[in-house]
Structures are given as structure tokens and as C-alpha cells.
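What follows is each chain in one-letter form.
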Amino acid sequence: MSVRVAVIPGDGVGPEVVEATLPVLRAALDRQGESLEITELDWGGERFLREGAAMPADAAEVARAHDAVLFGAVGRPDVPDDELVWGLIIGLRQQLDLAVNIRPVRAFAGVPTRVRGTDGVDLVIVRENTEGEYTGAGGLVHAGTGDDLAVEVAVHSRRVIERAAEHACRLAEQRTGRLALVTKSNAMRHGYPLWDRVVREVAERHPEVELETVLVDAMAARMIQAPRSLDVLLASNLFGDILSDLAAVLAGGMGMAPSANILPGGDVPGVYEPVHGSAPDIAGRGLANPTACLLSGALLLEDLGHDKAADLVREAVATTLADPHHHTPDLGGRASTTDLAAAVLRQVTDQMETR
Ligand code: NAI
Ligand code: MG
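Residues numbered from 1 in each chain as written. Chains lettered and ligands numbered in written order. Predicted model: local features only at pLDDT ≥ 70, side-chain atom pairs only at ≥ 80, totals over all residues. Heavy atoms only, no water.

Here we look at the layout of surface pockets
Empty space left among the atoms is revealed by rolling a probe the size of a water molecule over them.
Argument step 1. Within this model, the largest pocket holds a volume of roughly 750 Å³.
Argument step 2. As for the largest pocket, its lining consists of 29 residues, and the residues nearest its centre are Ile102, Pro104, Leu171, Leu299 and Glu302.
Argument step 3. Of all elements in the fold, only strand 4 (100–106), strand 5 (122–128), helix 5 (158–174), strand 11 (258–262) and helix 9 (291–303) reach the threshold of two or more residues within the lining of the largest pocket.
Argument step 4. Per-element accounting of the lining of the largest pocket gives the leading share, 6 residues, to helix 5.
Argument step 5. Taken together, the residues of the lining of the largest pocket sort by class into 16 nonpolar, 4 polar and 9 charged.
Argument step 6. Residues lining the lining of the largest pocket come from more than one domain, with at least three contributed by each of domain 1 (1–99 + 266–355) and domain 2 (113–251).
Argument step 7. Considering only enclosed or pocket space, the second largest pocket measures out at about 440 Å³ in volume.
Argument step 8. At the level of elements, strand 3 (68–73), helix 4 (81–95) and helix 8 (237–250) are the ones that each hand at least two residues to the lining of the second largest pocket.
Argument step 9. Broken down by element, the residue count for the lining of the second largest pocket peaks at 5 residues, all from helix 4.
Argument step 10. Residues that form the lining of the second largest pocket fall into these classes: 10 nonpolar, 4 polar and 7 charged.
Argument step 11. When residues are assigned to domains, the lining of the second largest pocket turns out to be shared by domain 1 (1–99 + 266–355) and domain 2 (113–251), each giving three or more. (1 Å grid on protein atoms, 1.4 Å probe; cavity = no way out; pocket = protein on both sides within 12 Å on 5 of 7 lines; lining within 4 Å. Points joined across faces, edges and corners; volume = space filled by probe spheres on them. Helix = DSSP H or I, 4+ residues; strand = E, 2+ residues; numbered from the N terminus. Nonpolar A, V, L, I, M, F, W, Y, C, P; charged D, E, K, R; others polar. Domains from an automatic or database assignment.)

Some details on the packing of helix 5 against helix 6 (residues 191–204)
Argument step 1. Two elements in contact, helix 5 and helix 6, have axes whose closest approach is 9 Å; the angle formed by their N-to-C orientations is 45°. Relative to helix 6, helix 5 is oriented oblique. The way helix 5 lies across helix 6 gives a crossing that is right-handed. Listed contacts from helix 6 to Arg158, Ile161, Glu162, Ala165, Glu166 and Cys169 of helix 5 are Leu194, Trp195, Val198, Val199, Glu201, Val202 and Ala203.
Argument step 2. Residues belonging to the contact of helix 5 with helix 6 are distributed by class as follows: 9 nonpolar, no polar and 4 charged. (Axes fitted to C-alpha atoms, helices over the stretch in contact; angles between N-to-C directions. Parallel < 35°, antiparallel > 145°, perpendicular 65-115°, else oblique. Left-handed = near helix turned anticlockwise from the far one by under 90°. Contact = heavy atoms within 4.5 Å.)

Concerning the site of ligand 1
Argument step 1. Surrounding ligand 1, one finds 21 residues, the nearest of these being Val74, Asp81, Gly277, Ala279 and Asn289.
Argument step 2. A distance of 2.5 Å is found between an oxygen atom of ligand 1 and a side-chain nitrogen or oxygen belonging to Asp81.
Argument step 3. Take Gly277: an N or O atom from its main chain is 2.8 Å from an oxygen atom of ligand 1.
Argument step 4. Coverage of ligand 1 by the protein amounts to 71% of the 800 Å² it exposes when considered alone.
Argument step 5. Elements represented by at least two residues in the shell around ligand 1 include exactly strand 3 and helix 4. (Near = heavy atom within 4 Å. Polar contact = N/O pair within 3.5 Å; in protein donor to acceptor, adjacent residues only side chain to side chain. Areas by Shrake-Rupley, 256 points an atom, 1.4 Å probe, with all protein chains shown as cover.)

Right, dumping it as C-alpha cells:
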């Protein structure tokens, strides 16, 4: 059997981390007698400059012809950010109705962090992925008059909150049972109180889940002060976006944070991507840490039922990162993207031989 993956390297460090990841996924699948079949797609900034769109009109159909999508990052300094971020990744999430973005954060032994007390951090952010503050609802009036007025409307529907909450509860049940809902119901009077009500109702159907509600500002402080008190977090699109960059720092930074955009129980391919962007400040120099992309690849394998291959990738990453010789500059080391990836690939191959 082969696993069919559509690969979108994208811009900046995207192609570097994706190229580092594919051989590792291929080797891990090979161990299970499976093969990796990829379709490389040229979607992103260059395509936008050439054809006026970051991805084709039938992008969702192209994605649907595969088991999963592996995506690097988009964004380049000479193209307005919203053309690429909206035109590609947010567009794909919405067109495929990828309800949640799962963002696990795990502190690996031996990886330095700028925050103290992060040993053993192991949490997952479940970010609502299709509504909230990121629907594009709103508009600009009096544009260019000097009196410009922008309205950005947040959209929160019971159906969408419910499906995200259901997934977060199931995930919490598989872990410690602890679920923290992140809202801002003291200052916003409509959307977040609806979240509070709906999530409470859903959690009542899951007696093993212990739900607490935390305001987003308090959560930002708690993440730094007591990160091990957290297990599964459920957050809106905006809050999940912000908190996941913060949480990434607990694991060593943006180079360490993977994610999965999925529709739980739905028949659509998931889109797997590092949380980070195209990092133009370090692109093209072999400085990018490929870990976030490698771990996104592990999430992809796991969701397709290749648990053993996924574990193999994670174990190889953990063993490799335990040795500071393999650390990239963001982790304080001197290894390049390809040095780290080659070391992970060797681990996958070695583990295969010793098993
Ligand atoms: P960014 O995540 O690209 O970079 C933030 C910081 O983290 C930079 O200092 C960068 O060097 C560092 N960093 C990121 N990935 C790294 C890696 N793998 N290894 C080591 N260091 C890493 O966010 P930024 O700078 O705000 O955005 C850059 C561009 O990416 C923008 O055009 C933005 O719109 C886009 N973007 C795209 C996303 C996506 O494709 N999903 C997500 C976030 C931003
Ligand atoms: Mg972000």
C-alpha cells in the first residue's frame, strides 16, 4: 500500500524543512512495508507572482485526490501577506472545512528553552480553525479619505464550537482528562459566553473530562508560570493562533511546533504543517530547524493509521535532539537543517535495524 501525499513546499524556509522531512517519512513507512507517493505542488508566492493566485481554483479537489497534504509555509516580503496566507493556507482550511488545528507542544529532553521549568511539558492546543476572527467578515468604509473605518467581525456558531469541543473532549479523555477552555467572556459579551455554554454542555457528555475555563490573558501568564498544569487547551481561531506561538517557546521555539488541520470523522485529507511561517529572515541559508515539519509528518502518519511509523519518527527526533551536536542555531547549536535531518534519518534507519 502506498500513502499518497500532496506536498506544498511553499516559500522561504518551507521548501527547506519539507525537503528535510520527506526522506524521513519515506524511511519510516518503508519499515512498515508501505511506500510514500508524493505529488509536489508549486503553490505559494512564486505562483502568485506568475499567475495572480497562490493556488489554483480547483485546489480543494486536488487535495481531495490525496490521503493528506504536507505544507511548508507561505509568505514573502514582496507580496502582501493576506494574498498568500488567505490565498493558500486559510483558504485550504476553509474550503476543506478543516474544523480544528491540533497543535501539540512537547519539551524534548536536552533541548534548551528560554523559559524555566519546562521539563516534562506536554500539552495540546485544539484551535478552532474555520470561524472566529478569521472569516474575513467585515469591511472598510471611507477608504483613503483619512477617515478610514474598518469593521472586522468575529463569527462564532454553535455547530462549529460544538465540533471543536467534541474533539477536544475526546483528546482529553485519551490523555489526563484535563481540558482548559480559553475565552475572554469578561470583556466580550456575545461570542465567548456562547463558547462557555456550548463547551460546558459538550463536556457534560464526557464525565471523565474535567473542564476549567481560563481567560486568555490569564492563560498567557499561566503558560509561562505553570505550563505543566496544562494538558488539553481549547481555543478560538485567534486565541489558538497567538497561544500556540507562545507555547512553542516552551519547547524551544518556532522550529519545534507541529500542527495538523483536520476534520475529525470527516472524509477529507488533513493538512499538516509546522506552526511557523516562511521565516524570510533565515531562509535559504540552511538555518531552519526542521523539527516542526518532521513532527507534523509524524502527525500525518498517525492520522492515516500508521502509528508505528509515526512513533519511529518521534523517537528518532527525540534521540537526535538529546545530543546538542545536532541542534540548529535557533536551539543554540551549529548544525544545519540538513545536518539535523540527516541525523534523524540515520536514527530511523538504525532503529529499524535494531528492532
Ligand atoms: P515566522 O514563524 O516565519 O518567524 C518568526 C520567527 O521564528 C523568526 O525569527 C524566524 O526566524 C523564526 N523561525 C520560524 N521558523 C523557524 C524554524 N523552522 N527554525 C528556526 N527559526 C524559525 O513568522 P513571521 O516572521 O511573523 O512571518 C513570516 C512570514 O510567514 C509572513 O509572510 C507571514 O505572513 C508568514 N506566515 C505564514 C504562516 C503559514 O504559512 N502557515 C504562518 C505564520 C506566518
Ligand atoms: Mg500563527
